[in-house]
Amino acid sequence: SNEIVTQGTDAGIEVFIGIAGLAAHLPGSIAAYTHRPVIGVPVDVKTGGIDALQSIVQMPYPSPIATVGIDRGDNAAILAAQFIGLHDDEAHKKVIQLRKDYAKKVIDSNENLVQPINRPYINNEFIRVKDLEINKAEFDENNSGCKNKESEVAIIVGRQADVGTAKKITKLLERLKIAYDMKVVCPIRSHKKFINYVKSMKNAKMFIGVSSNSSHVTGGLVGITARPVIGVPCTNENGDDYMLTTV
């Protein structure tokens, strides 16, 4: 595979996607022979795909693999398009439109399938998707809390206890001379501050969510921006099972 990856890199391939199950060596082998982004898709062959997920996501420094969920080839395609969209406006617009189309599909499905259900213990209005105000939330750019709006990378940390992991990110970005901004904010307890911060980082090409617990930071970011989002799950006092809610 090294010859294929090397030739592909020289030919101008911008993103590689490695799909593998069991010990899942393929994505790691690709990352060893290219400086291009590599996306790993773990496949459920045995043990629910957890073995493949662990093999792909826990790559050692300095050969990271952007890992999506088990059998989530669709998300791998979207992430690849987001990477390409960093310098290709047309690809970026297509990702935005795809997300809008899917959001409409969810709303229409809720209206056509869920709302007609008539059961005594179901409050249809409570589960009416079109009434949710996720994208209608007020945006106050003057109260964003960001220090450098021109940064290329925005780092959002879910809680203070996870800052230690975030510092590993900032240390390497400084070494690479890549401008970044970092903020500690929880999307659940401080959702308005979270939205203000993310939307104010208009020049950010990449968002990195660092969190433990249920890892809501990464999901919150994906819901607001069409730029690539990298999730970094942290180990805390409750263990290290937050990887599953991140990928």
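Up top is the structure these notes are about.
Notes on the structure follow. (Residues numbered from 1 in each chain as written. Predicted model: local features only at pLDDT ≥ 70, side-chain atom pairs only at ≥ 80, totals over all residues. Heavy atoms only, no water.)

### Notes on the overall build of the protein
A tally of helices and strands in the protein yields nine helices and seven strands. For a compact globule of 247 residues, the expected C-alpha radius of gyration is about 18 Å, and the protein comes in at 19 Å, within 12% of that figure. If one aligns the C-alpha atoms of the protein with their principal axes, the spans along those axes are about 60 × 45 × 45 Å. Looking at the protein residue by residue over its 247 residues, the buried ones come to 36%. Taking the contacts inside the protein whose residues are at least 6 apart along the sequence as the reference set, 61% of them involve residues at least 24 apart. Only carbon and sulfur atoms are counted for the fraction: they give 54% of the accessible area of the protein, which is about 14800 Å². (Helix = DSSP H or I, 4+ residues; strand = E, 2+ residues; numbered from the N terminus. Rg over C-alpha atoms; globule rule 2.2 N^0.38 Å. Buried < 20%, exposed > 50% of the residue type's maximum accessible area, 1.4 Å probe, protein only. Contact = heavy atoms within 4.5 Å. Areas by Shrake-Rupley, 256 points an atom, 1.4 Å probe, with all protein chains shown as cover.)

### Digging into unusual backbone geometry
Note the cis peptide between Tyr 61 and Pro 62, where omega equals 0 degrees. Locating Pro 62 in the fold gives a position in the loop between helix 3 (50–57) and strand 3 (66–67). Of note, Thr 47 is a non-glycine position whose phi angle comes to about 50 degrees, a positive value. By the secondary structure assignment, Thr 47 is in the loop between strand 2 (38–43) and helix 3. Look at Thr 47 and you get exposed, because its relative accessible area is 57%. Notably, Lys 177 is not glycine yet its phi reads approximately 60 degrees, a positive angle. Relative to the helices and strands, Lys 177 resides in the loop between helix 6 (163–175) and strand 5 (180–184). The class of Lys 177 is exposed, set by a relative accessible area of 74%.

### A closer look at helix 8 (residues 216–224)
Buried residues of helix 8: Val 217, Thr 218 and Leu 221, and no others. Burial along helix 8 is one-sided: seen end-on, the buried residues are contained in an arc of 95 degrees. Where helix 8 is buried, its residues contact strand 4 (153–157), helix 7 (191–200), strand 6 (206–211), strand 7 (229–233) and helix 9 (243–246). (Arc of directions from axis to C-beta.)

### What about the state of the cysteines?
Scanning the entire structure with this criterion turns up zero disulfides. For Cys 186, which is in no disulfide, the shortest distance to another cysteine sulfur is to Cys 234 and amounts to 13 Å. (Disulfide = S-S within 2.5 Å.)

### Brief notes about the environment of Leu 172
When you line up the elements, Leu 172 lands in helix 6. Spatially, the C-alpha atom of Leu 172 lies 24 Å from that of His 216, the residues being 44 residues apart in sequence.

### Quick look at the packing of helix 4 (residues 73–84) against helix 5 (residues 89–114)
Running from N to C, helix 4 and helix 5 point in directions that differ by 145 degrees, and their axes come no closer than 8 Å. The crossing of helix 4 and helix 5 is left-handed. When helix 4 is examined against helix 5, the residues Ile 78, Ala 81, Gln 82 and Ile 84 are found in contact with a partner set consisting of Ala 91, Val 95, Leu 98 and Arg 99. Here the residues of the contact of helix 4 with helix 5 are counted per class, giving six nonpolar, one polar and one charged. (Axes fitted to C-alpha atoms, helices over the stretch in contact; angles between N-to-C directions. Left-handed = near helix turned anticlockwise from the far one by under 90°. Nonpolar A, V, L, I, M, F, W, Y, C, P; charged D, E, K, R; others polar.)

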